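# Observations on the model geometry
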Amino acid sequence: MRTTFGSFNIATSGLFASQRALDITSHNISNANTDGYSRQITKQRASMPIYGDPSGVVGTGVETYDIIRIRSSYLDAKYWGQNKTYREWNVKQAQLESLEGVFNEPSDTGIRIVMDEFFTALEELSKLPGDSTCRVNVIEKANMLTTTINRNGHELVNAIRDVNFSIKNKVSQINSLSEQIANLNKHIFNFELGGNKANDLRDQRNLLLDELSSIVNITVTEMPGPNGNSYMDVKIGGITLIDHMNYNKMATVDEPGEFTELGSGKISRIVWEGLDNQEVSIGGGELRGLLDVRDGNGENHSYRGIPYYLNKLNEFAKGFTKAFNAQHNKGIDLGGSQGQDFFYEPAAEEINCINFKVNSDIIANPNTIAASSQGDGESNNENVKLLIELREYKGMFTTLIGTPDDFVKSILSALAVDSNQAKRMTTNSQALTDHTYNSRLSESGVSLDEEMTNMVKFQQAYNTSARMITTLDAILDTTVNRLGLVGR
C-alpha cells in the first residue's frame, strides 16, 4: 500500500509540474506582442528520493524549483551603448535637415538668388543712373536681400530656443524615468526577499532602461545581495543617477547665452540638483545631440551646430554692410551730396543678421543712392560700377578669402557636409543597434511556434500523469473492493 500511495504522489507531482509549465507557456503566448517581455521557462528536477528502502533508492517524482526569464545582460549593455550613439546622431540629423529647410537652397528665394537679383538691379541702375524706377528697384532688391537674411536669422534664433526647450523636457523625462526605475527596484527587492523571481517587474525595468539609454549615456551595474536578491546602480558620467531605491534628480539652470541679445533667450545648463549644482557629464543619447546642436560653434574643431551657422550669417551681414557702405560713402547722390550709409549701421551694437537692413533715409528718398563719383548724378555711373565690383571682392570677410557668393556657398557646403555626415552616422549606428536588438529579441523574444510545441509537449505530459492517476485509482479500487471476492 505504501508503494501504491507513493505512486499517487509521484503522478500528482508530474500533474502539477505539467500544469505549471502550461501556465508559463500560456503566459509567454499572451505576452508574445508585449514590448520588453522576456520569454520565461520552468526549471524542473527530480524531487528528493526515499533512502533505506529494501529495494534501493526510490524516486518521489518531480518538482518545479525555478521560473527563469531568458535575458542576456551582455546584449542589454551592448544595446544601451549602441542606442545612445544612434539616438544622438538621429537628433542631429533631424536638426540639420531643419536647418537645410531654413536656408532653402537651391531655390528662387535663397540668399544667393536674392543677392544676384540685387547686383542685377545695380547693373540696371548703371545703365540709367538718373532713372527713379531703377533706383526704386535697387532698394526693393536690397530689402529682399536683408529680409531673407533676417528671416534666416530669426529661424536660427528660434531653433536655439526650441532646442533649449527640448533639453529641459529631456531632463524632466530622465527624472521621471529615474523615479519609476527606483520604485521598481523597491518592488523587485521586496518580492525577491523570499527567493521568488520578479520576472515581469524586471522586464518593465529593462524597458525603462532602454528608454533612458536613448536619452543619455548610462552605465548599469546589478550586484547580488545577501538574500538572493540584487541591488541596481545606474550612473551617468561616473555619477550615480539611481542607487537602487534612491535616485539623484537633475535640474536645469538658466544662463545668458551667446545670442540672448538676438532673442534666443537664456540657455539651460544641466546640473545635479543635490550635488552643489555640479554639471552633468553628458556623453551620448538624444540629450548629447541636442546640446551639440544648441551650443556647437565649430571653434577648436568642436561640433558645428546652430551657433556656427548663426555666426556665419552675422559675419555675412557685418562684412557686406561694412564693405558696401564704405564704397557707397565715396559716391555722390542725385542731389550732389556725399553718399551716406546704404545699409543701416547701429551705433550701440554689432551688425548682425537680425538688424541687417537698408538705411531708412535711403528707402525714404531713392535719390540718395550714390551712383555717381562726380557731381553729375544724371549720367555718371562710376560709383555704382564700383559697387557692382563688390560682387567679386574677396576681402569682405574675416574667416574666408572669397566673394560674397563664395561665402554663402561655404555656409551651404558646410551644412551639406554636416547633414551627410549625420545621415551616414545615423544609418551606420542604426544598423548596429538593430542588429543587437534583433539578437536580443531572438534570445529573449517569444516564438509562437516554439510555444505551440511546448504546449503540446506539456499537454501530453499532463494527460499521461492524469492517466497514471486513473490507473492507480483502478488498482486501488481492485485491491480494496474486489480482492478476495472471487469464490465467495
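Structure: see above.
Quick look at the structure, then. (Residues numbered from 1 in each chain as written. Predicted model: local features only at pLDDT ≥ 70, side-chain atom pairs only at ≥ 80, totals over all residues. Heavy atoms only, no water.)

## Here's the deal with the overall build of the protein
For clarity, the threshold we go by: Numbering goes from the N terminus for both helices and strands, where a helix is a DSSP run of H or I of at least four residues and a strand is a run of E of at least two. Burial classes: relative accessible area under 20% of the type maximum marks a residue as buried, over 50% as exposed, and values in between as partly exposed (1.4 Å probe, protein chains only). Contact criterion: two residues are considered in contact whenever any of their non-hydrogen atoms come within 4.5 Å of each other. Only the protein chains shown count as cover for residues, with accessible areas throughout obtained via the Shrake-Rupley method and a probe of 1.4 Å.
Within the protein one finds 11 helices and eight strands. Counting only residues that meet the buried cut, the protein has 44% of its 488 residues in that class. Long-range contacts, defined as pairs at least 24 residues apart, comprise 65% of the intrachain contacts of the protein with a sequence gap of at least 6. Surface accessibility of the protein: about 24300 Å² in total, with carbon and sulfur atoms responsible for 50%.

## What about the pairing of strand β4 (residues 230-236)?
For the record, the criterion: Whether two strands pair comes down to DSSP finding at least two bridges between them.
The buried fraction of β4 amounts to five of the seven residues, a majority that puts the element mostly inside the structure. As judged from the six bridges shared by strand β3 (residues 219-224) and β4, these two strands associate in the antiparallel manner. Across the sheet, the residue bridging to T221 is D233, located in β4. Where β4 and strand β5 (residues 239-243) come together, four bridges link them in antiparallel fashion.

## What about the packing of aromatic side chains?
Short version of the rule: Working definition: rings of Phe, Tyr and Trp (its six-membered ring) pair if their centres are within 6.5 Å, and the pair is stacked with planes under 30 degrees apart, edge-to-face with planes over 60 apart, and tilted otherwise.
The tally for this structure, following the rule as stated, stands at 21 aromatic pairs. Look at W89 and Y303: their rings are 6.4 Å apart centre to centre, the planes differ by 70 degrees, and that puts the pair in the edge-to-face class. Of this pair, W89 sits in helix α2 (residues 73-103) while Y303 sits in the loop between α6 (285-295) and α7 (306-328), and the two are 214 residues apart along the sequence. Across the pair, Y303 and W89 agree in class, each one buried. An angle of 65 degrees between the planes, with centres 6.4 Å apart, marks the rings of F103 and Y309 as edge-to-face. Here F103 is found in helix α2, whereas its partner Y309 is found in helix α7, with 206 residues between them in sequence.

## Describing the nonpolar core
How we decide: As used in this record, nonpolar core signifies buried Ala, Val, Leu, Ile, Met, Phe, Trp, Tyr and Cys residues forming a set joined through side-chain atoms within 4.5 Å.
Residues F118, L212, M250, F320 and F342 are the most contacted members of the largest nonpolar core, which totals 89 residues. Considering each element in turn, this core owes the most residues, 18 residues, to helix α4 (residues 132-191). Ignoring any residue separated from it by four or fewer positions in sequence, one finds F118 in contact with V138, K141, A142, L145, F320, F324, F342 and F343.

## Quick word on the sheet that holds strand β6 (residues 246-247)
For the record, the criterion: Whenever a helix is involved, its axis is fitted only over the stretch in contact; in every case the axis is a line through C-alpha atoms, and angles between N-to-C directions fall within 0 to 180 degrees.
Here we have four strands laid out as an open sheet, ordered β3-β4-β5-β6, and antiparallel in their pairing. Two strands bound the open sheet, and with one partner strand each, they are β3 and β6. For β5 and β6, the ladder comprises two bridges, and the chain directions are antiparallel. Note that in β6 the partner of I242 across the bridge is Y247. Across the face of the sheet, helix α5 (residues 199-215) comes into contact with β3, β4 and β5 while running at roughly 5 degrees to β4.

## Quick word on unusual backbone geometry
With an omega of -5 degrees, the peptide bond between E105 and P106 qualifies as cis. Summarising the element assignment, P106 is placed in the loop between α2 and α3 (111-127). Within the chain, N277 stands out as a residue other than glycine whose phi angle is a positive 55 degrees. When you line up the elements, N277 lands in the loop between β8 (267-272) and α6. According to the relative accessible area criterion, N277 is partly exposed, its value standing at 38%. With a phi angle near 65 degrees, H301 is a residue other than glycine that sits in the positive phi range. For H301, the location among the structural elements is in the loop between α6 and α7.

## Overview of the environment of R135
Inspection of the secondary structure puts R135 in helix α4. Each C-alpha atom of the pair R135 and G336 lies 16 Å from the other, and the pair is 201 residues apart in sequence.

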